[in-house]
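As a plain string of letters, each chain reads:
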Amino acid sequence: MNEFIPGQRWISNTESELGLGMVVEAEANRVTVLFLATGDRRVYAKDNAPLTRVQFSAGDVIESVEYAKITVQQVQQHAGLLTYIGLDQDGQLQQVDEMELNHHIQFNKPQDRLFTGQFDPTAWFLLRYETWRRQQQHQQSAVKACRARVRR
């Protein structure tokens, strides 16, 4: 189970169009996330919340709520919250706290989802692959062609 701390930034796996959410309350068995880009508030059960923690790494380009972009060089963690330290476009060292990240960030491209850890368990991938493989076999089957000719 994930540890939710107010101020952390999370993204919904099921509603990525909401943008970047911020934990505003974490109680014993539920967590409340505010999605500032849309103004929506969601309450999730902690043990099965469809959320992925957003954590950037060195080399990533991030944007603050003031639209200042930095290239992350270092990530520091204090009391469960992240602080990103990096260079802006002018080469100046800047610091962006996790709570200051632009809330309009969306991870829609497959590579974005992969890099933020938003992917399905292996069992779901194998099911989709097996379904695709069986459909392909069915489409290429000689029996399918015969059956189509017999129909009236």
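Relevant structure appears above.
Residues numbered from 1 in each chain as written. Predicted model: local features only at pLDDT ≥ 70, side-chain atom pairs only at ≥ 80, totals over all residues. Heavy atoms only, no water.

K.L.:
Sorry, what's going on with the environment of arginine 53 here?
P.N.:
Looking at where arginine 53 falls in the secondary structure, it is placed in strand E5 (residues 51-53). Placed 31 residues apart in sequence, arginine 53 and methionine 22 show a C-alpha to C-alpha distance of 10.0 Å. In terms of polar contacts, arginine 53 uses its side chain to reach the backbone carbonyl oxygen of glycine 80, at 3.3 Å. Within the local environment of arginine 53, its side chain forms a polar contact with the side chain of glutamate 98, the two groups lying 2.8 Å apart. (Helix = DSSP H or I, 4+ residues; strand = E, 2+ residues; numbered from the N terminus. Polar contact = N/O pair within 3.5 Å; in protein donor to acceptor, adjacent residues only side chain to side chain.)

K.L.:
Looking at this model, I keep getting lost on the pairing of strand E8 (residues 81-88). Mind explaining?
P.N.:
The side chains of a regular strand alternate between the sheet's two faces. Within E8, six of the eight residues are buried, which leaves it mostly tucked inside the rest of the structure. Where strand E7 (residues 69-78) and E8 come together, eight bridges link them in antiparallel fashion. When the sheet's bridge partners are listed, valine 72 is paired in E8 with glycine 86. The pairing of E8 with strand E9 (residues 93-97) spans five bridges and is antiparallel. Bridging across to E9, tyrosine 84 finds its partner in valine 96. Between E8 and E9, which pair antiparallel in sequence order, lie four residues; one of them, glycine 91, sits at a positive phi of approximately 85°. (Buried < 20%, exposed > 50% of the residue type's maximum accessible area, 1.4 Å probe, protein only. Pairing = 2+ DSSP bridges.)

K.L.:
Can you help me understand the packing of aromatic side chains in this one?
P.N.:
The geometry of an aromatic ring pair is captured by two quantities: the separation of the ring centres and the angle between the planes. Per the stated rule, a full pass over the model turns up four aromatic pairs. Ring geometry for phenylalanine 4 versus tryptophan 10: centroids 4.5 Å apart, planes at 40°, classification tilted. Judged by its relative accessible area of 2%, tryptophan 10 is buried. Measuring from centroid to centroid gives 6.4 Å for phenylalanine 125 and tyrosine 129, while their planes differ by 15°, and the two rings are stacked. One end of the pair, phenylalanine 125, and the other, tyrosine 129, are both in helix H2 (residues 122-140), four residues apart, so they sit about a helical turn from each other. (Phe/Tyr/Trp six-rings, centres within 6.5 Å; stacked < 30°, edge-to-face > 60°.)

K.L.:
What am I meant to see in the pattern of salt bridges here?
P.N.:
A side chain of one charge can pair with a side chain of the opposite charge if their charged atoms are brought near each other. One pass over the full model with this rule turns up six salt bridges. For the salt bridge of glutamate 130 with arginine 133, the shortest nitrogen-to-oxygen distance reads 2.7 Å. Of this pair, glutamate 130 and arginine 133 both sit in helix H2, three residues apart, which is roughly one turn of that helix. Using a relative accessible area of 26% as the deciding quantity, one classes glutamate 130 as partly exposed. For arginine 133, a relative accessible area of 26% translates into the label partly exposed. Residues participating in the shared-partner salt-bridge network are Glu15, Asp40 and Arg42. (Salt bridge = Lys/Arg side-chain N within 4 Å of Asp/Glu carboxyl O.)

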